[in-house]
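# A structural walkthrough
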Amino acid sequence: MSYSYKEWKKHCLETKESFLVLSFPAVQKLNVNVEMAVKNAEVQSKMIETIMEFCPKQAAYIGLMDLSVEAQAFGMEVQFSEREVPNAKGVIVKSLEDARALQIPDVSKNRTQVYVDAIKLVASRNKDKPIFAGTIGPFSLAGRLIDVSEIMIQAIMQPSLVHTVLEKVSTFIEQYILAFKEAGADGVIIAEPLAGLMSKEMVQTFSSNYLKKIIDKIQDDHFSVIYHNCGPSTVSSLEEIYSIQAHGYHFGNAIDLEDVLSKTSEDILVFGNVDPVKYFCDASKEEMDVKVKELFEKLGKYPNWLISSGCDIPSHAKWENIEQYFKSIEKWR
């Protein structure tokens, strides 16, 4: 399949196929654990394919969303778990001198290459639907290297430190995405949740300006960027977020999606936002059905909306709820 964003967008809006951020629950079907998955390209590729096998109404193959992998490439310690996604620990940039000394890592020499190889394997075997990889956004990655709370302070007190780190992480993210593109990916989901905690002026300065530079270099009609943000301040920064001109925007369940859509042009694709823990892990099938119905009744009037999860679905999600989600879309769309 030769991917075209315009054709894919048209297909999704006509069929209401879901762009669900779904990968880790495949460990249950393959009898592997999360730690095995995040370290092995072949396991990852089988997980991505397994999701499509059991969820054929999924709009695209989607790679694993592990937001520790880029931080680890820069030298952060990562804690692995058999059940949970890896967690980056510690701080490696404490001063402007640290920021200036920070080295841009080689994508091919870190665990990032495992993720690239997984996409390459999927692309070599499956081209019936587009394949999307995943990566963290520049401000969210910088926040991990500097510390989430500290970067908010330094953005005001010492912005040169933050910009120095952002220049380097943006270069790395661009190289990482280009590696995915070369491997056969048709697009990438860029997760920038930390931007959802800032004022609109800070979003533009410390997030959107850097994302726009990346997108200008990598996005075209044959390769798409889907922007993800689940922060609570997102709605107040929509103008700044949309300035990056991504092909689509995926919003978390803490955000009022009707508020977003009412402020959004109909030519902008918006995805969201079933709570991934409440409904995919904890709820009953009946509660999932009610939630999907509610979303279609509330948001179905917006022609640019596609139902999705609010964020990545945990590995321990109930498969009966995942299956019910797709059944309910067919029922209520």
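Now for a quick tour of the structure. The structure displayed is predicted, hence computed values, not measured ones. (Residues numbered from 1 in each chain as written. Predicted model: local features only at pLDDT ≥ 70, side-chain atom pairs only at ≥ 80, totals over all residues. Heavy atoms only, no water.)

## Focus on the overall build of the protein chain
Keep this limit in mind: Each helix is a run of DSSP H or I of at least 4 residues and each strand a run of E of at least 2, with the numbering of both proceeding from the N terminus. Here the radius of gyration uses the C-alpha set of atoms, whereas the globule reference equals 2.2 Å times the residue count to the power 0.38. Relative accessible area decides the class of each residue, using a 1.4 Å probe on protein chains only: under 20% of the type maximum gives buried, over 50% gives exposed, and in between gives partly exposed. Contact criterion: two residues are considered in contact whenever any of their non-hydrogen atoms come within 4.5 Å of each other. A 1.4 Å probe and the Shrake-Rupley method give the accessible areas. Residues count as covered only by the protein chains that appear here. For the purpose of charge, His is not counted, nor are the chain termini; Lys and Arg are scored as positive and Asp and Glu as negative. Note that the charge is assigned to NZ on lysines, CZ on arginines, CG on aspartates and CD on glutamates.
Along the backbone of the protein chain there are 16 helices and nine strands. For the protein chain, whose C-alpha radius of gyration is 19 Å, the value lies close to the compact-globule estimate of 20 Å for 333 residues. In terms of principal-axis extent, the alpha carbons of the protein chain reach across some 60 × 40 × 40 Å. Within the span of the protein chain, comprising 333 residues, buried residues form 59% of the whole. Sequence separation of 24 or more characterises 76% of the internal contacts of the protein chain that already satisfy a separation of 6 or more. For the protein chain, the accessible area works out to roughly 13200 Å², and carbon and sulfur atoms hold 49% of it. If the 36 positive side-chain charges of the protein chain are averaged to one point and the 46 negative ones to another, these points end up 2 Å apart.

## Remarks on the side chain of S315
For S315, the position within the fold is in the loop between β9 (305-306) and α16 (319-332). Each residue touching S315, except ones within four places of it in the same chain, is listed here: F24, P25, V27, Q28, V34 and R83.

## Thoughts on the sheet that holds strand β1 (residues 61-62)
Two modes of strand pairing occur in sheets, parallel and antiparallel, and in both the strands are linked by backbone hydrogen bonds. Convention followed: A pair of strands is labelled paired if DSSP reports no fewer than 2 bridges between them.
Strand order in the open sheet made by the seven strands is β1-β4-β5-β6-β7-β8-β9, with parallel pairing throughout. Two strands close off the open sheet at either side, each with one partner strand: β1 and β9. Sheet topology note: the strand β6 (residues 224-229)/strand β7 (residues 248-251) ladder contains four bridges and is parallel. Pairing of Y227 across the sheet is with Y249, part of β7.

## Some words on a nonpolar patch on the surface
Put simply, the rule is: Patch membership requires more than 30% relative accessible area and the absence of a salt bridge. Residues of like charge join within 9 Å; the nonpolar side chains Val, Leu, Ile, Met, Phe, Trp and Tyr join within 5 Å. Just to be clear on terms, a salt bridge is a Lys or Arg side-chain nitrogen sitting within 4 Å of an Asp or Glu carboxyl oxygen.
Among the surface-exposed residues, I153, I156 and M157 lie close enough to one another that they form a single nonpolar patch of about 350 Å² accessible area. Topologically, M157 is positioned in helix α9 (residues 148-157).

## So, the packing of helix α15 (residues 285-299) against α16
Our working definition: Working convention: axes come from line fits to C-alpha atoms, limited for helices to the stretch in contact. Angles between N-to-C directions cover 0 to 180 degrees. Take the far helix as the reference: if the near one is turned anticlockwise from it by less than a right angle, the crossing is left-handed, and if turned clockwise, right-handed.
Packing of α15 against α16 leaves a shortest axis separation of 9 Å and a crossing angle of 35°. The crossing of α15 and α16 is right-handed. Contacts between α15 and α16 involve K285, M288, D289, V292, K293 and F296 from the former and E320, N321, Q324, Y325, S328, I329, K331 and W332 from the latter.

## So, empty space enclosed by the protein
Where we set the bar: Throughout, the protein atoms alone are placed on a 1 Å grid, and a set of points is a cavity if a 1.4 Å probe fits but cannot get out or a pocket if it is open with protein on both sides within 12 Å along at least five of seven lines; lining residues have an atom within 4 Å of a point. Grid points are joined across faces, edges and corners, and a volume is the space filled by probe spheres set on the points. Throughout this entry, Asp, Glu, Lys and Arg are counted as charged residues, while Ala, Val, Leu, Ile, Met, Phe, Trp, Tyr, Cys and Pro are counted as nonpolar. The remaining residues, Gly among them, count as polar.
With the rule as written, the count across this model stands at one cavity of 30 Å³ or more. Of all the secondary structure elements, the ones that give two or more residues to the lining of the largest cavity are α4 (41-54), α7 (112-125) and β4 (131-136). Among the elements that line the lining of the largest cavity, the one with the most residues is α7, at three residues. For the lining of the largest cavity, the class distribution of residues is seven nonpolar, three polar and no charged.

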